[in-house]
Number of protein chains: 2
Amino acid sequence: MPKIVDHDERRLELVDATWRIIARLGIEGATMREIAIEAGFANGALKPYFPTKDVLLAFAFNHVFNRTNARVAAVTAGKSGLPALRDFCREVLPLDEERVNEARIVIPFWQKAVNDEEKSAIHRASMDQWHHMILGYLGQARMNGDVTTPVPDDAIAGQLLNMLLGAQITAALAPPELTAEGPAAGQPLSAALVAQLEGYLGLLSPAR
Amino acid sequence: MPKIVDHDERRLELVDATWRIIARLGIEGATMREIAIEAGFANGALKPYFPTKDVLLAFAFNHVFNRTNARVAAVTAGKSGLPALRDFCREVLPLDEERVNEARIVIPFWQKAVNDEEKSAIHRASMDQWHHMILGYLGQARMNGDVTTPVPDDAIAGQLLNMLLGAQITAALAPPELTAEGPAAGQPLSAALVAQLEGYLGLLSPAR
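Summary of the structure given here. No experiment lies behind these values; they were computed from the predicted model shown.

## Focus on the relation of the copies chain B and chain A
- With an RMSD of 0.0 Å, chain B superimposes on chain A once it is rotated by 180 degrees and translated 0.0 Å along the axis. Interpreted geometrically, this transformation is the action of a two-fold axis.

So, in C-alpha cells, the structure goes:
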C-alpha cells in the first residue's frame, strides 16, 4: 500500500523547522538546505511544498498570524468590550517564550517586506484585520461605559497596534535572561509589558 | 601637494550610499561592492573605513540614532515637560520621507540584532537613553500639572517607546503613496501618526 502523506501536516513541519533554524542561525543562515536537514527531509524534497525560501517565509508568517488569531478566538470566546480587548492584546504581546520566538520570525519577515510589495501587503492585511477587531472591542466598551476618553477610537486602535508591533522588537532584542521561562527566570520583560498594557487600558477610562 | 582626505566625512558619504542602496536593493542586495560603486569608491577602498558590512551597518544605525538625537536637541531647546515630550516624539516618528527612509534602515538592523548580541546591545542602549529622556519630560509635566494620570511614568515611557518603534514598521511597510512627499501626495500616514500622538498625549492629562 502506498504511504499516505498529509501534505498540510508536512508543510507545518517545515514551518516549525524554519522557526528553529531562524532562531538558531538567523534568517540568512536559514537556507533551504538547512531547513530540509532540520525537518528530516531529503535534499530537494522541499521543492514540491515550497519552491523558494520566499514562499516558505510568506507561508510561515501567515501561519504565525493565523495561530495568533486562533489563540485570540479561544481566549475572547464569549467576551466583548474591554475584557476582550485586554485578552486580544495579551495574546499578541510576546509574554512567553513561544511568542518571543514568533517575534524573532516576524522581524525577518518585516525586513523582507520593506523591499517586497507582496509581503508588505500581507502585513497590512493582517494589521487592517486587527485594527477592525480593536475598533469592535472599543465600540462595545464605549456602549457599557468602560471606555470614556474623548480620544477617537481610530487613533486609539492605531496607537495600540503600533505599541503591540513595537513590543515584538523590544522582546526579540531583549537580553535572553529577561525573556527566558522557567523557575530561575524572573520574566521581568513580560511583567513590564503587562504593566504597560494595564496602564494603557487605564488611560482609556479616566472617569472611573 | 597631497590631497587632504577628511576620513569622517568619507565615512558619512559611505553611510549615505548605504541608505540609498538598501532603499533600492534591500539589505541582502547591499553588498560592499554595490555600496562602493554608489559612493564612487574604487573596489576595495572601503576596507580601511569599514572592514565588513556588519561594522558599516552598526555605524549607520548609530548615525541614524545620533542624527535623531541632534534633531531632538534642536527642537526641544528651551522646552520642557509636555511640549518637549511632544517634540521628541514628533522627531522620532517617521513623518517625512527622510525618516521613513531611516525606518527602512533600522528594520534590517533589528533583524541582524535578533541573532547578534552586540547589535541588540546597541539598540537597548539607545532605548534606555530615550526611556530616561521620556521620564525626565514626564517628571516636568507632572510638576506643572500637564500630566495627571495615575498610570506610573515607567509604564507610560515603555508604552510610548513601543509605539514609536511600531510606527517605524508601519511606515516602512506602508504603500508608497501614503508616505511620499510633494504636492500630489496626501501624506495620510503622517497625519494618522500625528493624530495618534496627540490622542495619546491627551490621554495623559484626563483631568484638564
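Next comes the rest of the description.
## Examining the environment of Phe 41 of chain B
Residue and element names in this part refer to chain B.
- With respect to the element layout, Phe 41 can be found in the loop between α2 (32–39) and α3 (53–76).
- A relative accessible area of 8% means that Phe 41 is categorised as buried.
- Sequence separation of Phe 41 and Thr 148 is 107 residues, and the distance between their C-alpha atoms is 55 Å.
- Not counting chain neighbours up to four residues away, the residues in contact with Phe 41 comprise Arg 10, Glu 13, Leu 14, Ala 36, Leu 46 and Tyr 49.

## Things to note about the side chain of Glu 91 of chain A
Residue and element names in this part refer to chain A.
- Position of Glu 91 relative to the elements: it lies in helix α4 (residues 81–92).
- On the accessibility criterion, Glu 91 (14% relative accessible area) is buried.
- There is a polar contact of 2.8 Å between the side chain of Glu 91 and the side chain of Arg 71.
- Among all residues touching Glu 91, those that are not within four sequence positions of it are Thr 68, Arg 71, Val 72, Val 75 and Arg 99.

## Overview of the interface of chain B and chain A
- With 43 residues of chain B at the contact, the number on the chain A side is 43 residues.
- For the pair chain B and chain A, the summed buried area comes to about 3,500 Å², and 65% of that belongs to carbon and sulfur atoms.
- Scanning the region where chain B abuts chain A turns up zero salt bridges.
- Those elements that place two or more of their residues in the side of chain B that touches chain A are α1 (7–29), α5 (97–114), α6 (117–143), α7 (153–172) and α9 (188–203) of chain B.
- Looking at which element gives the most residues to the side of chain B that touches chain A, the answer is α7 of chain B, with eleven residues.

## Here we look at the nonpolar core
- Counting residues in each nonpolar core, the largest one holds 140 residues, and the members touching the most others are Leu 85, Phe 88 and Trp 110 of chain A together with Leu 85, Phe 88 and Trp 110 of chain B.
- With sequence-adjacent residues up to four places away left out, Trp 110 of chain A is seen in contact with His 123, Leu 165, Gln 168 and Ile 169 of chain A together with Ile 107, Ile 169 and Leu 173 of chain B.

Rules of the game
- Residues numbered from 1 in each chain as written.
- Chains lettered and ligands numbered in written order.
- Predicted model: local features only at pLDDT ≥ 70, side-chain atom pairs only at ≥ 80, totals over all residues.
- Heavy atoms only, no water.
- Least-squares fit on C-alpha atoms with pLDDT ≥ 70 in both.
- Helix = DSSP H or I, 4+ residues; strand = E, 2+ residues; numbered from the N terminus.
- Buried < 20%, exposed > 50% of the residue type's maximum accessible area, 1.4 Å probe, protein only.
- Contact = heavy atoms within 4.5 Å.
- Polar contact = N/O pair within 3.5 Å; in protein donor to acceptor, adjacent residues only side chain to side chain.
- Buried area = accessible area lost by both parts, 1.4 Å probe.
- Salt bridge = Lys/Arg side-chain N within 4 Å of Asp/Glu carboxyl O.
- Core = buried A, V, L, I, M, F, W, Y, C linked by side-chain atoms within 4.5 Å.

On their own, these measurements won't tell you what the molecule is for.
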